[in-house]
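Secondary and tertiary structure notes
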Amino acid sequence: MDRSVFQQQFGILGDSEPMRQVTDKIKQVADTDIAVLILGETGTGKDVTARAIHANSKRKHKNLVIVNCGAIPEGIIESELFGHEKGSFTGAGEAREGYFEKANGGTIFLDEIADTPKAVQVKLLRVLESGEYFRVGSSTMRKTDVRVIAATNKDLWQEVQKEHFREDLYHRIDTVTIKLPPLRDRAGDIVPLFRAFVTEYAAKHGSTFQGLTDDARSLLVSYRWPGNVRELRKVAERLVVLEKSQLVDKEKLQKYLRGRQHEGAADNLPMRIDAQASTQARDATELAFIYRALIDLRQELGEIKKMIGTLAYAGMSTHAPAALLPVASVVEHPGVPLRQVYAHDETVERKDIPLGISKYPAHVQEVEVAREAPPADQESLFSGDNVPSIEETEQYLIKKALKVYNGNRRKASEALGVSERTLYRKLDQYGLV
Ligand SMILES: Nc1ncnc2c1ncn2[C@@H]1O[C@H](COP(=O)(O)OP(=O)(O)OP(=O)(O)O)[C@@H](O)[C@H]1O
Ligand SMILES: [Mg+2]
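On a predicted model such as this, the values are computed, not experimentally measured, just so you know.

What counts, and where the lines are drawn
- Residues numbered from 1 in each chain as written.
- Chains lettered and ligands numbered in written order.
- Predicted model: local features only at pLDDT ≥ 70, side-chain atom pairs only at ≥ 80, totals over all residues.
- Heavy atoms only, no water.
- Helix = DSSP H or I, 4+ residues; strand = E, 2+ residues; numbered from the N terminus.
- Expected span 1.5 Å × (residues − 1).
- Buried < 20%, exposed > 50% of the residue type's maximum accessible area, 1.4 Å probe, protein only.
- Arc of directions from axis to C-beta.
- Contact = heavy atoms within 4.5 Å.
- Salt bridge = Lys/Arg side-chain N within 4 Å of Asp/Glu carboxyl O.
- Core = buried A, V, L, I, M, F, W, Y, C linked by side-chain atoms within 4.5 Å.
- Axes fitted to C-alpha atoms, helices over the stretch in contact; angles between N-to-C directions.
- Left-handed = near helix turned anticlockwise from the far one by under 90°.
- Nonpolar A, V, L, I, M, F, W, Y, C, P; charged D, E, K, R; others polar.
- Pairing = 2+ DSSP bridges.
- Phe/Tyr/Trp six-rings, centres within 6.5 Å; stacked < 30°, edge-to-face > 60°.
- pLDDT = per-residue confidence, 0-100.
- Polar contact = N/O pair within 3.5 Å; in protein donor to acceptor, adjacent residues only side chain to side chain.

Digging into helix H9 (residues 190-205)
Its 16 residues give H9 an end-to-end C-alpha distance of 22 Å, which sits within 8% of 22 Å, the value for a rise of 1.5 Å per residue. Ile190, Val191, Leu193, Phe194, Phe197, Val198, Tyr201 and Ala202 are the residues of H9 that are buried. Projected down its long axis, H9 carries its buried residues within an arc of 165°, all on one side. Pointing more than 90 degrees away from the buried face of H9 are the exposed residues Arg195, Thr199 and Ala203. At its buried positions, H9 is contacted by helix H10 (214-222) and helix H11 (228-242).

This is the structure we're talking about:
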């Protein structure tokens, strides 16, 4: 595939020499099973790169499991990664598979790997070397076949020197390194990326953008972009929404850049607070347990909802109260097009919004199953002896309600007896938006 077509398809923009090299390397390694370490400052595209590698590998039809190692509270990290047996610790009501099991046959993306607690690093090394692991509370050795992609915005070698990171694990994941250059080191990409984002957001918000004055364009290029491409994207979106009436000049643009902080002005640009967030997460052992309980509770709610759904399907009169619908328990969702995943890339929102609103637990950003969503719009689903799955039925009902109410989501959600937010989540989950 031609480099620029590849870049378009996977949302890796930038025609500068460093980005060309990065793209070529991604293309080169994707189809192998080789471990890849992605390095780069925040917002430089580590996530995008990992997805592109998986999507171009022979594992693309299996799961891509993305785990934020720095955000998993220490007390539960082992059971999250490797699963646990029923009753293996207080609260472990049911046996549960871990992320390495979920990723079997596919790819596991260990994001922020430098922040993995040392006690777990030795277990990581074992599973990465031999595929062998044990569920917590089990003495049965299990095997998994995963391709590993790891990423960090820290200097991993320095972490080894400081004895925060095991040297053997470092060498295991350092087979191929992709270093993503900060935006300030490829200034030639700034204006084209800005244009691409402005065009995207103008279409999304049905808005127009008049452009930048020459002064403003120079500022855009000379600014240091500490938040890299993520920050540029945010600035583009905010300008499209808030400054649509006239050309944006230097003074106006200045207000949208983080540099303003130095002048003592309030900075209202949302930026990542990863390090802080993960430290807080690790300190908050108590929160970890509440969190775990919430996840379990959601899963139980999911089961209840499915039962109600089955009853309703069997013709019994029942209306699932919105409160019973799970906020987030399912971490698998069928074939959501990659572009769509990027469009939802709001890591800050995902990490910082209160529990229960996030689509996934904070440390599992996403689990993609790259298979097609089952057909759900055919009446034949219900004909003869065909027994459609709950998912197919759900999709069918959602499509029908939207059709009947001409796409009005509020009315459709009322008719379906779910909250509007649940309907949005379902649409997103099934790739219907
Ligand atoms: N080369 C690129 N072309 C287009 N968009 C990009 C590029 N690199 C990053 N982005 C966009 O910037 C945002 C941040 O990218 P991404 O999440 O991959 O960064 P990251 O390196 O994983 O950041 P962090 O270290 O904070 O997790 C996303 O919206 C992504 O789509
Ligand atoms: Mg990331």
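Some remarks on the pattern of salt bridges
Think of it this way: side chains of opposite charge can pair up when their charged atoms draw near. Applying the stated criterion across every chain yields a total of 23 salt bridges. Residues participating in the shared-partner salt-bridge network are Glu85, Glu101, Arg135 and Arg142.

What about the nonpolar core?
Here is a general trend for soluble globular proteins: nonpolar side chains tend to be buried in one another's company. In terms of nonpolar packing, the biggest core is built from 32 residues, with Leu81, Phe100, Ile108, Leu110 and Ile173 touching the most fellow members. Broken down by element, this core gets its largest block of residues, 5 residues, from helix H6 (residues 118-130). Those residues within four positions of Ile173 in sequence are excluded, and the remaining contacts are Val36, Leu37, Ile113, Leu128, Ala150, Leu156 and Phe165. Counting 25 residues, the second largest nonpolar core, distinct from the first, contains Leu193, Ala216, Leu219 and Trp225.

Side note on the packing of helix H17 (residues 390-404) against helix H19 (residues 420-429)
It is at 11 Å that the axes of H17 and H19 come closest, and there the two elements cross at 115°. In terms of crossing hand, the pair formed by H17 and H19 is left-handed. Listed contacts from H19 to Glu394, Ile398 and Leu402 of H17 are Leu423, Lys426 and Leu427. Grouping the constituent residues of the contact of H17 with H19 by class yields 4 nonpolar, no polar and 2 charged.

Observations regarding the pairing of strand E2 (residues 63-68)
Among the 6 residues in E2, 6 count as buried, and that is most of the element. By the alternation rule, side chains of E2 split into Asn63, Val65 and Val67 and Leu64, Ile66 and Asn68, which are all buried. Relative to strand E5 (residues 107-111), E2 runs parallel, the two sharing 5 bridges. Of the residues in E5, the one forming a bridge with Ile66 is Phe109.

Looking at the pairing of strand E9 (residues 176-179)
Burial along E9 is one-sided: the face carrying Val176 and Ile178 is buried and the face carrying Thr177 and Lys179 is not. Relative to E9, strand E1 (residues 36-39) runs parallel, the two being bridged by 4 bridges. Directly across from Leu39, in E9, lies its bridge partner Lys179.

A look at the packing of aromatic side chains
The tally for this structure, following the rule as stated, stands at 6 aromatic pairs. Aromatic ring contacts, followed pair by pair, group Phe82, Phe100 and Tyr133 into a single cluster.

Some points on the confidence of the model for the protein
Parts of the prediction with low pLDDT should not have their coordinates interpreted in detail. Mean pLDDT for the protein: 77, with 71% of residues reaching 70 or above. Here residues 281-286 scores under 50 on pLDDT; set against residues more than four positions off or in separate chains, the count is 6 contacts.

Some words on the environment of Glu85
Along the chain, Glu85 turns up in the loop between strand E3 (83-84) and strand E4 (96-97). Separated by 51 residues in the primary sequence, Glu85 and Val136 have C-alpha atoms spaced 6.3 Å apart. Ignoring sequence-local partners within four residues, the contact set of Glu85 consists of Ala92, Ala95, Arg135, Val136, Gly137, Ser138 and Arg142. One polar contact links Glu85 to Arg142, side chain to side chain, over a distance of 3.4 Å.

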